[in-house]
Amino acid sequence: MNKLNIYKTKTINFLRKYSLNIFMAIVAINSYSISSTLKENRNILNENVKLLRYKEICARYYTFYSSGTDELAESREELTASLLDVPLELVDTFCQRMI
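Summary of the structure given here. These numbers were taken from a predicted model, which means no experiment stands behind them.

## Quick notes on unusual backbone geometry
Look at Asp 85: it is not a glycine, yet its phi comes out positive at around 60°. For Asp 85, the location among the structural elements is in the loop between α3 (70-84) and α4 (91-98). For Asp 85, a relative accessible area of 70% translates into the label exposed.

What follows is the structure in structure tokens.
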């Protein structure tokens, strides 16, 4: 037998003997790849949810701010500041930027 046939035979024997191990390694690599993609998607989704929540809070702030007394508007501004975790004097500026 020549060298090419010897290598071919050894390769085929190796693949037959360790086929399940090779298959499991491929599955493990694909699983790792999928998990890293899911982590990235989770981070993007969390950011989008956070932005949507801020927009909703600001929309409610403007809705309640326009209807009611000055005391109600001030209390709503304080509540909005605590929900957005921004200083009281920056609530209006923050919400203008969000909406």
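## Some remarks on the packing of helix α2 (residues 19-66) against α3
α3 packs onto α2 with a crossing angle of 175° between their chain directions and a minimal axis gap of 9 Å. Here α3 runs roughly antiparallel to α2, going by the angle between their axes. For the pair α2 and α3, the contacting residues are Arg 53, Tyr 54, Ile 57, Cys 58, Arg 60, Tyr 61, Phe 64 and Tyr 65 in the first and Ala 73, Arg 76, Glu 77, Thr 80, Leu 83 and Leu 84 in the second. Residues that form the contact of α2 with α3 fall into these classes: 9 nonpolar, 1 polar and 4 charged.

Calculation criteria
Residues numbered from 1 in each chain as written. Predicted model: local features only at pLDDT ≥ 70, side-chain atom pairs only at ≥ 80, totals over all residues. Heavy atoms only, no water. Helix = DSSP H or I, 4+ residues; strand = E, 2+ residues; numbered from the N terminus. Buried < 20%, exposed > 50% of the residue type's maximum accessible area, 1.4 Å probe, protein only. Axes fitted to C-alpha atoms, helices over the stretch in contact; angles between N-to-C directions. Parallel < 35°, antiparallel > 145°, perpendicular 65-115°, else oblique. Contact = heavy atoms within 4.5 Å. Nonpolar A, V, L, I, M, F, W, Y, C, P; charged D, E, K, R; others polar.

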